[in-house]
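# Structure at a glance
Here is how the chains run, residue by residue.
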Amino acid sequence: MTPAIRTAELSKRYGSRTALHALDLTIPSGSVFGLIGPNGAGKTTTLRMLLDIIRPTSGTARVLGEDPRTGGPALRRRIGFVPGELRLEGRVKGRALLDHFADISGPVKPGAIDALAERLGLDLTRQVRTLSKGNKQKLGLVQAFMHAPELLVLDEPTSGLDPLVQREFLTMVREARENGQTVLLSSHVLSEIQQTADAVAVLSRGRVVAEGAVESLRLASIRRVRAGLADTTEDAVRTALGKLTHLRDLDVTAMGEVVRVTATVNGDIDAVVKEIARHRVVDLAVEEPDLEESVLGLYGDAASTERETAEEADRG
Ligand code: ATP
C-alpha cells in the first residue's frame, strides 16, 4: 500500500540556518505517527512543507501519493490540519465559522460538528473572539476532524487543553486510526505520544536522532522521581539511594519530620521504588523530565556530531 506520507531528503533552510536536514520519513497508511522534539527542532517546518504552506529548499515529499506542491485544493480536502499557531476569524460564532470551513473542506456528515463540539465541551454559539485559547484550540480540532479526512496533520494539538479534554482528544485519535485514517501529530510532550502513536521520530536541531516503535525509545525510560519519606534520616536515605548507579541528580534534604528526595532515574524504576518502599512513604511522584533535557542527554552527542559534519560539508 502507498504510505500516507513519504519524504526523501526533505530539507529547509532559512538563509544560512538549516531548519530541517534531509528528512527521510515513511508513515504507513492507517497508523498514528508522532513527531517529537524540543522547541525549534523542526516539527512545524516539516508539517508546513507537507501542507505546502512553505516549500522545501531541496528533497521531495509525497502526501497521500501526491506532491503537495501540485496537489492543490483536491489534496488539501483529503487532509485535516491543525496549525501550531491557530488564527481564526473572531467576529463570527463558532458554528458559522465551522460551516464556512465545511463549505471548503467538503462533505461533513450531518450532526458531526455537534457531536465533536459536545465531546470536547465547546459552545458553538459564542463569538470566536470571546473564546479562551483552549476553546479556540477545540474549534481547530473540530474543523480538522469533522470531515473525517484520510489524513490528519496536527501540530501541537493539545496545547491549551485541560487534562480531561486532552484525554478525549487522544480517544479521538485512536478512533481515527480504527476508522482507517492516518494521523501525524507533533508534540513536545512525550507522554501524549506514548499513549497514541504506533511509531515516532525524535527530532533535534532539524535531524532525526531516534526513530521507531514508541517502546523502543530509551527516552521513555528517563523519569524524575520525587518522594517524601518519614521515620528515617537524611543519611540513611542518601546511603541507600546512593548505591543505585542509574540515579542522577540525587538530592536528599530533611525538612522537619520528612526527608525529601528528588532524583532522575535512567532505566530500571523497580529498584528505586523498592528502595523507597523500605521507608514510610508520605509522598511519591514519578514524572517524565523535560523533553529537551532527555533528547540532549541521550542523543545530544550524536546530534551535535552530525551537525558538525553537516556544517563542515556545507562549508566545503
Ligand atoms: P516549536 O515546538 O518551538 O514550535 P518546532 O520543532 O516546530 O519548534 P520549527 O518552528 O520548525 O521548530 O523551527 C525550526 C527552526 O527553524 C528553528 O530554529 C526556528 O527558529 C527556525 N525558523 C522557523 N521558521 C523560520 C522563519 N520563517 N525564518 C527563519 N527561521 C525560522
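What follows concerns the site of the ligand. The environment of the ligand is made up of Y14, R17, A19, P38, N39, G40, A41, G42, K43, T44, T45 and E156. Within the side chain of T45, one N or O atom sits 2.5 Å away from an oxygen atom of the ligand. Look at the ligand: alone it shows 630 Å² of surface, and the protein chains cover 62% of it. Of all the elements in the fold, those that place two or more residues in the shell around the ligand are β2 (17–27) and α1 (43–50).

A pair of packed helices can be characterised by two numbers: the angle between their axes and the separation between those axes. Two elements in contact, helix α4 (residues 112–120) and helix α5 (residues 133–145), have axes separated by 10 Å at closest approach and are oriented at 145°. In terms of crossing hand, the pair formed by α4 and α5 is right-handed. Residue-level inspection shows I113, L116, A117 and L120 of α4 in contact with α5, the latter providing K138, L141, V142 and F145. Here the residues of the contact of α4 with α5 are counted per class, giving seven nonpolar, no polar and one charged.

We now examine the domain arrangement of the chain. For the chain, the domain assignment lists domain 1 (5–216) and domain 2 (222–288). Look at where the C-alpha atoms of domain 1 and domain 2 centre, and you get two points 39 Å apart.

Spatially, the three strands line up as an open sheet ordered β2-β1-β4, and their pairing is antiparallel. The open sheet has two edge strands, β2 and β4 (58–63), and neither has a second partner. Direction aside, the axes of adjacent strands within the sheet are offset by 20° on average. Note: strand β1 (residues 5–14) against β4, five bridges, orientation antiparallel. Note that in β4 the partner of R6 across the bridge is R62.

For the rest of this paragraph, the subject is the confidence of the model for the chain. In the predicted model, the chain carries a mean pLDDT of 89, and 90% of its residues have values of at least 70. With pLDDT under 50 throughout, residues 305–310 is counted as low confidence; its partners more than four residues away or in other chains account for five contacts.

In a regular helix each residue adds 1.5 Å, so 16 residues correspond to 22 Å; helix α6 (residues 163–178) covers 23 Å between its end C-alpha atoms and thus fits that length. The complete set of buried residues in α6 reads V165, F169, L170, M172, V173 and A176. Projected down its long axis, α6 carries its buried residues within an arc of 155°, all on one side. When the buried face of α6 is taken as reference, the exposed residues oriented beyond 90 degrees from it are P163, L164, R167 and E178.

Counting across every chain of the model gives one aromatic pair. Their ring planes at 85° and their centres at 6.3 Å tell us that F145 and F169 sit as a pair that is edge-to-face. Within this pair, whereas F145 is found in helix α5, its partner F169 is found in helix α6, the two being separated by 24 residues in sequence. Both residues of the pair, F145 and F169, belong to the buried class.

Moving on, we come to the nonpolar core. Counting residues in hydrophobic clusters, the biggest one holds 40 residues, and the most contacted among them are L139, F145, L154, F169 and V183. The element contributing the most residues to this core is α6, with six residues. Filtering out sequence-adjacent residues up to four positions away, L139 remains in contact with L88, G94, L97, L98, L122, L124, V128 and L131. Listed in part, the 26 residues of the second largest apolar core include A4, L25, L47 and L50.

Calculation rules
All residue numbers refer to positions counted from 1 along the written sequence of the respective chain. For a predicted model such as this one, the threshold for reporting local features is a pLDDT of at least 70, and the threshold for listing and counting side-chain atom pairs is 80 or more; totals across whole chains, interfaces and linings nevertheless cover every residue. Excluding hydrogens and water, the side-chain figures rest on all heavy atoms present in the structure. Residues are labelled near a given molecule or strand when at least one of their non-hydrogen atoms is within 4 Å of it. Under the rule applied, a polar contact is a pair of N or O atoms within 3.5 Å (in protein, one hydrogen donor and one hydrogen acceptor; residues adjacent in sequence only if both atoms are side-chain atoms). Areas reported as accessible are Shrake-Rupley estimates using a 1.4 Å probe. Residue values count occlusion only from the protein chains shown. In DSSP terms, a helix is any run of H or I states spanning at least four residues, a strand is any run of E spanning at least two, and both are numbered starting from the N terminus. To define axes, lines are fitted to C-alpha atoms, for helices over the stretch in contact only, and angles between the resulting N-to-C directions are given on a 0 to 180 degree scale. The sense of a crossing depends on the near helix, which, turned anticlockwise from the far helix by less than a right angle, makes the crossing left-handed and, turned clockwise, makes it right-handed. Whether two residues are in contact is decided by their heavy atoms, any of which lying within 4.5 Å being enough. Throughout, the ten residues Ala, Val, Leu, Ile, Met, Phe, Trp, Tyr, Cys and Pro are labelled nonpolar, Asp, Glu, Lys and Arg are labelled charged, and all others, Gly among them, are labelled polar. Segment limits for the domains were obtained from an automatic or database-derived domain assignment. Between any two strands, pairing holds if DSSP finds at least two bridges. Looking at any residue, its pLDDT shows the predictor's confidence there, from 0 to 100. By this rule, a helix spans an expected 1.5 Å times one less than how many residues it contains. The buried label applies to any residue whose accessible area, calculated with a 1.4 Å probe on protein chains only, is under 20% of its type's maximum; exposed applies above 50%, and partly exposed to all values in between. An arc is given here, and it is the one of the directions from the helix axis to the C-beta atoms. Any Phe, Tyr or Trp ring, taking Trp's six-membered ring, that has another such ring centre within 6.5 Å forms a pair; planes under 30 degrees apart are called stacked, those over 60 apart edge-to-face, and the others tilted. To form a nonpolar core, buried Ala, Val, Leu, Ile, Met, Phe, Trp, Tyr and Cys residues must be joined to one another through side-chain atoms within 4.5 Å.

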